[in-house]
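# Structural characterization, general
Each chain is listed here by its residues.
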Amino acid sequence: MKNNRNFSSFEGSQRRRGTSLPIIPIALVLLLVALLAFFWSRGGEQPQQRVEKVIPAEKLGQ
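Residues numbered from 1 in each chain as written. Predicted model: local features only at pLDDT ≥ 70, side-chain atom pairs only at ≥ 80, totals over all residues. Heavy atoms only, no water.

### What about the overall build of the protein chain?
The number of helices and strands found in the protein chain is three helices and zero strands. Starting at the N terminus, the α and β elements of the protein chain follow one another as α-α-α. Going through the 62 residues of the protein chain one by one, you find that 0% of them count as buried. A total of about 7100 Å² of accessible surface is found on the protein chain, and carbon and sulfur atoms cover 62% of it. (Helix = DSSP H or I, 4+ residues; strand = E, 2+ residues; numbered from the N terminus. Buried < 20%, exposed > 50% of the residue type's maximum accessible area, 1.4 Å probe, protein only. Areas by Shrake-Rupley, 256 points an atom, 1.4 Å probe, with all protein chains shown as cover.)

### Structural notes on a nonpolar patch on the surface
Nonpolar side chains collect at one region of the surface, where I24, L28, L31, L35, F38 and F39 lie side by side and expose about 630 Å² of accessible area between them. By secondary structure assignment, the location of L31 is in helix 2 (residues 23–42). (Patch = residues over 30% accessible without salt bridge, like charges linked within 9 Å, V, L, I, M, F, W, Y side chains within 5 Å. Salt bridge = Lys/Arg side-chain N within 4 Å of Asp/Glu carboxyl O.)

### Structural notes on helix 2
The terminal C-alpha atoms of helix 2 lie 29 Å apart, and with 20 residues this matches the ideal 28 Å at 1.5 Å per residue to within 8%. Counting buried residues along helix 2, only zero of its 20 residues qualify, which leaves the element largely exposed. (Expected span 1.5 Å × (residues − 1).)

### Focus: the confidence of the model for the protein chain
Taken residue by residue, the protein chain gives an average pLDDT of 76. The fraction at 70 or more is 60%. Mean pLDDT across the elements of the protein chain ranges from a minimum in helix 1 (residues 9–20), with 54, to a maximum in helix 2, with 92. (pLDDT = per-residue confidence, 0-100.)

Set out below in structure tokens:
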């Protein structure tokens, strides 16, 4: 009985592991970029609020 070396159980598992490993660093980079974009969008300029000053009657008459 001949052993077929092309279909070893070790080769199949290495192929599966090899394709799943790059997904983790890519997902971490995408998560970091999303967090940076989120914090950047929350910061920046704040909308201006109207400030009403009390002007005394003497200054209004001048």
